[in-house]
Amino acid sequence: MKRFVLVLPITAALVGTVSAPTLARTQESRPELMKRAEALSTAKDWAAAEALYNKAIALDPKDALGWLMRGFVRSQNNNLDGAISDNTSGLTALALSDGTAHLRAIGYTNRADAWRAKNEPYRALVDAIAACVSEEGFAAAWTLRADAQYLLGNLEQAKICLEKALSLDKSRTRTYTEEGAQRNALGRRAIDEKTDIDPAFKAAMAAATAGENDKAMTGYTEIIEIRPLTPGAWGNRGNLHFNAKRYEVAIADYSVAVTAAGVTKSVETQAINLTNRALTYSRLGRLAEAVNDLELAVKVKPDYTRAIDLLKTTREKLAAMPSETLPPLERAAQYLAQAEKGGLFNSASPRAAAKKILDELITAEPKNAAALVLRGRLENLGMIGVVKEARAFFDRALAADPNNADALYEHALALTSSFTATDADRAQSLKELKQAVARGRTDAKARLKLADALSGARDLSGAGEQLDLVVKAEPQNPEYLVKRAVLRQQQKDWGKAIADWSQVVALKPTAGNYASRGDAYVENRQYPEAIADFDQAIMLAPNDADLLVGRARAKRLKGDKAGALTDYTKAHEQDETLPAVATNLSDADKSEAARHDFKRLLGKLADSSKRLGESSLAVIKAQRAKDKAEARLRRLLTGDKRTDAEILTEFDREAKFDTLDEEDYLSRSRVLARQEKLDAAIADCTKALSLKSDYHEAYNWRGVCYETKKDFEKAFANYDKAVSIRPKSATYLCNRGDMHYALKRFDAAWSDYDKAVTEEPKDATNYFKRGNASFQRSKFDDAINDYTKALELKPDLKAAEDNREVAKRRKAAGG
């Protein structure tokens, strides 16, 4: 039977692809793919068209048109199951994006046409009805509805539907006969909306519960034949197929259940079947479609916790899949999130992947504000403040789209990230933060930044409004409550400040939080309540003299001078940096002021550790040296399994005993670098080198830190020093080569990489980097050979495969 030819429009959304780290590699954008695929479809080159639609869908599985167009192509190529699957995915994407009624009608009609061609009239009928509901004036849908009714033997209904189709389009002619209808009706139950199906439904459910699956299958099928628009029957039959691992058939039944539930407006049933279909897609590894289904289930029924929980885990699985399964911008965002979570030195791979994708996107679309923002964030990863390279991307993003909320937000932060920021910078930053929030950046992070900016501009009321919204969204977050409590204290709204501190204390009953509420009670002249809070704080931290001063103040203002004097005196005895108070309390204010004096607090921290006696310290040092030597030997044999916290604790312990050596400083340097404290990390390397001048590992690590800061000349100098001490270290040679490469000294880079290959001939990375240097020197045969060798050693090194193709094309083009 002739297929419906339904031509769909093509939308534009430029995308890119992942390239190798040092060589640009372009790929057609999605609009280009769609345009070429459409041309091939017009030429009826179905196989070639389908291949291009495959690529377009991989770039953006949430775009309905790719699915629908590939479904149409597959139907023309007689791949009916593929057509049904694609139209199903397209319909889900349309529902997620609130696509037009006309496109939904096309999707249902094309799927109904495929069902009809497979001689599955019940499924075809449900889809045709859904198409008519989506767009009542769609003649093709009414024609298919008529065909489905005729195939079921319902001649009168077929004629009614055909009459409707002809009233819309006179070319929709059909010949239905009484004889043909009777023949089609043989062996089928008549559709009957009046029959009570509840007994049959209960019987089928009971059979399924008892494990009588064949009986249950028969029962649900009978219900479907009598009442095709019964989503529960389709869904429950889908469950039976799922349990029997007939996943494709289960998807078909769940799909009809979803459609029938939509027509009958059965929201809960629709959400359940979307979730069940998502689980089935997951079993088949079709995670992008599973995520779409779960997102739609949550959209249909926002409180459906099963779908919400599954959506979280399925997204995590999808994020771990090969990157090409996601749209480029989403891929880049996920890689960036991984890099930010992993920290500076645990995120090389996601950083590189994000950079490749974003660079390709920006090359294809120089004014893609979203890509420019992500690129700026990537450039700024691990930096203090906003570096000029990141600022440049944020500037470009804002110029490309002055209304882009993320661009406004990041640009606003960049304006005030420097100590040289002017009042004009701060005013502009506040303006842009307001615009960012107004245009959709309503997350807690953005609102808190806006609240800080408003507070800095003395607009405490405006800051309070933002904090109210943040607390309303997350009422159990103590950090947000503390910020609002402090602001309310600035506003001298002690009652509300106390209310916030009370919530904080309930969530985190620490000595500091009790003391903060106690101070608020004092300001509000609720002295008994203040004293009670300080009592609780002192019980939790009995050695904190500051808490005694806080309680003393509350007692003094309450009129309990004797009690206040006792607390002031005890506080001074515990901490001599707190001034003694006269018996008449005339100078009590000095003690109270000292309690909040910042310099005094710093002094307390500096003097917190007392030195041990010289004799015992010598013994301790000797024992520590022995213990350290044994521990380092174990780590040498089994690997260093210490956490960052353990390394820092060990460093502090050695500092107390005055037993720090060059290895301690280098270990802490690595931790500081992972914490993105690069200047401190460099300082520790320098200290290590002052203790051991030929410590090549410290030179190398200091080079890594400078490289991360993009100070390539200093990085080169340190790598060069490491090589001078260990000239046969492939790692040091490679690192020095990287700096030559970064500084575009490609001959020198090639020389270092060549030496690294000589020292470690089984390391694929050395060949790959030498290949890159050869490419830059226009030595394309050498580059191709090195990429090939890298792939022999590491077949999954995709960058080598990509760069080899680039080199081949450049060679063929004559360089």
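The model shown is predicted, which means the values in this text are computed figures rather than measured ones.

A. A look at the overall build of the protein chain. Scanning the protein chain for helices and strands turns up 43 helices and zero strands. Residues classed as buried in the protein chain amount to 49% of the 815 residues present. Relative to all contacts within the protein chain whose residues are 6 or more apart in sequence, the contacts with residues 24 or more apart total 54%. Of the roughly 39600 Å² of accessible surface on the protein chain, 52% is carried by carbon and sulfur atoms.

B. A look at the packing of aromatic side chains. Enumeration according to the criterion identifies eight aromatic pairs in this entry. Seen in terms of ring centroids, Tyr150 and Tyr176 are 4.5 Å apart; in terms of plane orientation they differ by 25°. Their pairing is stacked. Within this pair, whereas Tyr150 is found in helix α7 (residues 139-151), its partner Tyr176 is found in the loop between α8 (155-168) and α9 (178-185), the two being separated by 26 residues in sequence. The burial state of Tyr150 is the same as that of Tyr176; both residues are buried. Positioned over the ring face of Trp701 is Arg670, at 5.3 Å from the centre of the ring. Across the ring face of Phe716, the terminal group of Arg745 is positioned such that the distance to the ring centre comes to 5.0 Å.

C. Structural context of the nonpolar core. Leu358, Ala397, Leu450 and Tyr480 are the most contacted members of the largest nonpolar core, which has 51 residues in total. Leaving out residues up to four positions away in the same chain, Leu450 has contacts with Leu430, Leu433, Lys434, Val437 and Gln466.

D. The arrangement of the environment of Ala114 in detail. By the element assignment, Ala114 lies in helix α5 (residues 101-117). Once the C-alpha coordinates of Ala114 and Asp81 are considered, the two residues, 33 residues apart in sequence, prove to be 7.8 Å apart. Setting aside residues up to four positions removed in sequence, Ala114 forms contacts with Leu80 and Ile84.

E. The packing of helix α29 (residues 545-558) against helix α31 (residues 588-595), seen in detail. Running from amino to carboxyl end, α29 crosses α31 at an angle of 140°, the nearest separation of the two axes being 9 Å. On the basis of the axis angle, α29 is oblique to α31. Here α29 runs over α31; the crossing is left-handed. Touching Asp546, Val549, Gly550, Arg553 and Arg556 of α29 are Ala588, Ser591, Glu592 and Arg595, all from α31.

F. How the structure looks around helix α3 (residues 64-76). For α3, built from 13 residues, the straight-helix expectation of 18 Å at 1.5 Å per residue is met to within 8% by its first-to-last C-alpha distance of 19 Å. Residue Asp63 occupies the N-cap position of α3, its side-chain oxygen lying 3.1 Å from the main-chain nitrogen of Leu65.

G. Looking closely at the pattern of salt bridges. Overall, the coordinates contain 57 salt bridges when judged by the stated rule. Ionic pairing is found between Asp500 and Arg484, a salt bridge with its closest N-O pair at 2.8 Å. You can see Asp500 sitting in helix α26 (residues 494-507) and its partner Arg484 sitting in helix α25 (residues 478-490), a full 16 residues away along the chain. This pair shows no difference in class: Asp500 is buried, exactly as Arg484 is. A salt bridge links Asp802 to Lys798, with the nearest nitrogen and oxygen atoms 2.8 Å apart. Linking Asp802 with Lys798, this pair stays in helix α43 (residues 798-812), spanning four residues, or about one helical turn. Given a relative accessible area of 3%, Asp802 falls into the buried group. Judged by its relative accessible area of 46%, Lys798 is partly exposed. Bridged by salt links that share partners, the residues Lys355, Asp359, Arg375, Glu379 and Lys710 form one connected network.

H. Summary view of unusual backbone geometry. Despite not being glycine, Lys44 has its phi angle at roughly 60°, a positive value. Among the structural elements, Lys44 can be located in the loop between α1 (30-42) and α2 (46-59). Overall, Lys44 belongs to the exposed group, its relative accessible area being 61%. Of note, Lys265 is a non-glycine position whose phi angle comes to about 60°, a positive value.

I. Molecular detail of helix α15 (residues 287-300). Between its first and last C-alpha atoms α15 spans 20 Å; for 14 residues at 1.5 Å apiece the expected length is 20 Å, and the two agree. All of the buried residues along α15 are Leu287, Ala288, Glu289, Ala290, Val291, Asn292, Asp293, Leu294, Glu295, Leu296 and Ala297. Along its buried surface, α15 packs onto α3, α4 (80-96), α14 (267-283) and α16 (305-319).

J. Examining the environment of Pro327 more closely. You can see Pro327 is positioned in the loop between α16 and α17 (328-342). As a C-alpha pair, Pro327 and Ile57 span 270 residues in sequence and 8.6 Å in three-dimensional space. With residues up to four places along the chain from it excluded, the contact list for Pro327 reads Ala58, Leu59, Asp60 and Pro61.

K. Molecular detail of the packing of helix α37 (residues 696-708) against helix α38 (residues 712-725). As a packed pair, α37 and α38 sit with axes 8 Å apart at the nearest point and diverge in direction by 160°. Taken together, the axes of α37 and α38 are roughly antiparallel relative to one another. Like other packed secondary-structure pairs, α37 and α38 cross with a definite hand, here left-handed. For the pair formed by α37 and α38, the contact residues are His696, Tyr699, Asn700, Arg702, Gly703, Val704, Tyr706 and Glu707 on the first element and Phe712, Lys714, Ala715, Asn718, Tyr719, Lys721, Ala722 and Ile725 on the second.

L. Structural view of the state of the cysteines. On inspection of all chains with the given rule, the structure shows zero disulfides. Cysteine Cys132 is unpaired, with the sulfur of Cys161 as its nearest cysteine sulfur at 6.8 Å. For Cys132, a relative accessible area of 5% puts it in the buried group. Cysteine Cys685 is unpaired, with the sulfur of Cys705 as its nearest cysteine sulfur at 5.2 Å.

M. How the structure looks around the confidence of the model for the protein chain. In this model, the protein chain carries an average pLDDT of 86, and 88% of its residues clear a pLDDT of 70 or more. Counting interchain partners and residues more than four positions distant, the pLDDT-below-50 stretch residues 1-26 has 97 contacts. Below pLDDT 50 for its whole length, residues 608-617 participates in four contacts with residues either more than four positions away or in separate chains.

N. Inspection of the side chain of Arg70 at higher detail. Positionally, Arg70 belongs in helix α3. Contacts of Arg70, omitting those with residues within four sequence positions, involve Glu50, Tyr53, Asn54, Ile57 and Asp86.

O. View of the environment of Lys159. On the secondary structure map, Lys159 appears in helix α8. Note: C-alpha distance between Lys159 and Ala146 (13 residues apart in sequence) is 6.7 Å.

How each quantity is defined
- Residues numbered from 1 in each chain as written.
- Predicted model: local features only at pLDDT ≥ 70, side-chain atom pairs only at ≥ 80, totals over all residues.
- Heavy atoms only, no water.
- Helix = DSSP H or I, 4+ residues; strand = E, 2+ residues; numbered from the N terminus.
- Buried < 20%, exposed > 50% of the residue type's maximum accessible area, 1.4 Å probe, protein only.
- Contact = heavy atoms within 4.5 Å.
- Areas by Shrake-Rupley, 256 points an atom, 1.4 Å probe, with all protein chains shown as cover.
- Phe/Tyr/Trp six-rings, centres within 6.5 Å; stacked < 30°, edge-to-face > 60°.
- Lys NZ or Arg CZ within 6 Å of the ring centre and 35° of its normal.
- Core = buried A, V, L, I, M, F, W, Y, C linked by side-chain atoms within 4.5 Å.
- Axes fitted to C-alpha atoms, helices over the stretch in contact; angles between N-to-C directions.
- Parallel < 35°, antiparallel > 145°, perpendicular 65-115°, else oblique.
- Left-handed = near helix turned anticlockwise from the far one by under 90°.
- Expected span 1.5 Å × (residues − 1).
- Polar contact = N/O pair within 3.5 Å; in protein donor to acceptor, adjacent residues only side chain to side chain.
- Salt bridge = Lys/Arg side-chain N within 4 Å of Asp/Glu carboxyl O.
- Disulfide = S-S within 2.5 Å.
- pLDDT = per-residue confidence, 0-100.

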